[in-house]
Amino acid sequence: MIAMIAISCSSQEYTTAKLAIQQSDFAKAAEWLPKAMAVEPDNPEIPIVMAIEVHAENEAWTDMVSLFDRAMEINPEKVIEIRGAFISVKQAVSNYVEIYWAKEYNVGVEQFKKIQDDPDNKPEYLSTAISHFVNASIINPSDANTHATLARCYLDLGNNESAKEAALTAVEKNPDSFDANYSAAQILGRTGMSSNDILPYYEKATSIEPSNSKALRELASIYYDLGNKEQSIQVFENAIANALREITNRYDFKGSNTTLERSEKVITIVTEDDLKLTQVNEILISHFVRRKLDPLALGKKDKEKAGGDRIRQTISLVEGIEQDISKKITSEIKSSKMKIQAKINGN
């Protein structure tokens, strides 16, 4: 049996262009590659070759990306020859996007780092960094981190409008990115946008990373600024009540006489040893995190002796919980009929 392999011949125009590239005559290659594309419109290899050998060398990034897109539209799965390697169009585009994006992004980072050693020339370094980050965003527009970094640079340079635009572009390009949403909220806040404008981005960020303490802290602050007390009451009630319920039902707490007392702004834990104390803290934090409450709002104090072999630890709760809220939380705990003490200390 004889296997027949069909080999497509290149056009004269493409052959001339490839020979020019081999001879490093890129001006001639730039002349003949468009002619080759006109003659071979269904060959995705030619636009990629022109993209990397002509446009990338001239740092014409928009033109490079346009030809990458053209090749992908023709046939992303076709195997082509690029610089001696046989790979698919899709893989070639992915590889060279990553190479050129990293080149521009890293140059921008290096410029940004120079500010620490030479702060007097900060505006110059920022402007140069921005130009490279803009290039990186053109090469790989879907990279949210590039747009977020660009936004921070614009902000440092005092260009608030460009900072907001870059931050929102980061979210648009990658709406499910924690970094994009968190950075957008930060940038919008620093450029004077309202809490209502900022809130959706912190909410999205915490939905993506529910245990991220910095995002939770910011979200809690926004809720407080908006005066959303009913929601705050509900999440605090749920977090503490469920923590108490878990302690009561866990077998390893049976007979430990562990108590959790809620005062106006302080939670007091009394238990039998360090292990139980650590476990109670972990339970409390886990229930705060599940309800998007900032666990950093639980300001733990040093443990102390509580009589006998028992130990005590107090935890300061976030500021802003009013007395009526404290009473309502305590009422909920008492009505649960759990065998754990709950009381309010204060007027």
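In this text, all values refer to a predicted model and were calculated from it rather than measured experimentally.

Trainee: Just give me the short version of the pairing of strand 1 (residues 79-82), but keep the residues and values in it.
Mentor: Here strand 1 shows a clear split, with Ile80 and Ile82 buried on one side and none of Val79 and Glu81 buried on the other. As defined by bridge partners, strand 1 adjoins strand 2 (residues 85-88) across four bridges and the pair is classed as antiparallel. If you follow Ile80 over to strand 2, its bridge partner there is Ile87.

Trainee: I'd like a rundown of the nonpolar core, residues and numbers included.
Mentor: By size, the foremost hydrophobic cluster in this structure holds 67 residues, and its most contacted members are Leu33, Ile48, Met64, Phe68 and Tyr100. Broken down by element, the residue count for this core peaks at nine residues, all from helix 5 (residues 89-117). Excluding anything up to four places from it in sequence, Leu33 contacts Tyr14, Ala17, Ile21, Ile46, Val49, Met50 and Val54.

Trainee: An account of the packing of helix 1 (residues 12-22) against helix 2 (residues 26-39) is requested, with residue identities and associated values reported.
Mentor: Following both chains from N to C, one finds helix 1 and helix 2 inclined at 155°, their axes separated by 8 Å at the closest point. As far as their axial angle goes, helix 2 and helix 1 are roughly antiparallel. For the crossing formed where helix 1 meets helix 2, the hand is left-handed. In this structure, helix 1 uses Glu13, Tyr14, Thr16, Ala17, Ala20 and Ile21 to contact helix 2, whose residues at the interface are Phe26, Lys28, Ala29, Trp32, Leu33, Lys35, Ala36 and Val39. In the contact of helix 1 with helix 2, the residues fall into 10 nonpolar, one polar and three charged.

Trainee: Help me get a handle on the packing of helix 2 against helix 3 (residues 45-55), residues and values and all.
Mentor: The geometry of helix 2 relative to helix 3 is characterised by a closest axis approach of 10 Å and an angle of 160° between their N-to-C directions. In terms of orientation, helix 2 lies roughly antiparallel with respect to helix 3. By crossing handedness, the relation of helix 2 to helix 3 is classed as left-handed. On helix 3, the residues touching Phe26, Ala30, Leu33, Pro34, Ala36 and Met37 of helix 2 are Ile46, Pro47, Val49, Met50, Glu53 and Val54. Split into classes, the residues belonging to the contact of helix 2 with helix 3 amount to 11 nonpolar, no polar and one charged.

Trainee: So, the pattern of salt bridges: which residues are in play, and what are the values?
Mentor: On inspection of all chains with the given rule, the structure shows nine salt bridges. Between Glu59 and Lys103 there is a salt bridge; the shortest N-O distance is 4.0 Å. Of this pair, Glu59 sits in the loop between helix 3 and helix 4 (61-74) while Lys103 sits in helix 5; the two residues are 44 residues apart in sequence, bridging distant segments of the chain.

Each value, and the rule that gives it
- Residues numbered from 1 in each chain as written.
- Predicted model: local features only at pLDDT ≥ 70, side-chain atom pairs only at ≥ 80, totals over all residues.
- Heavy atoms only, no water.
- Buried < 20%, exposed > 50% of the residue type's maximum accessible area, 1.4 Å probe, protein only.
- Helix = DSSP H or I, 4+ residues; strand = E, 2+ residues; numbered from the N terminus.
- Pairing = 2+ DSSP bridges.
- Core = buried A, V, L, I, M, F, W, Y, C linked by side-chain atoms within 4.5 Å.
- Contact = heavy atoms within 4.5 Å.
- Axes fitted to C-alpha atoms, helices over the stretch in contact; angles between N-to-C directions.
- Parallel < 35°, antiparallel > 145°, perpendicular 65-115°, else oblique.
- Left-handed = near helix turned anticlockwise from the far one by under 90°.
- Nonpolar A, V, L, I, M, F, W, Y, C, P; charged D, E, K, R; others polar.
- Salt bridge = Lys/Arg side-chain N within 4 Å of Asp/Glu carboxyl O.

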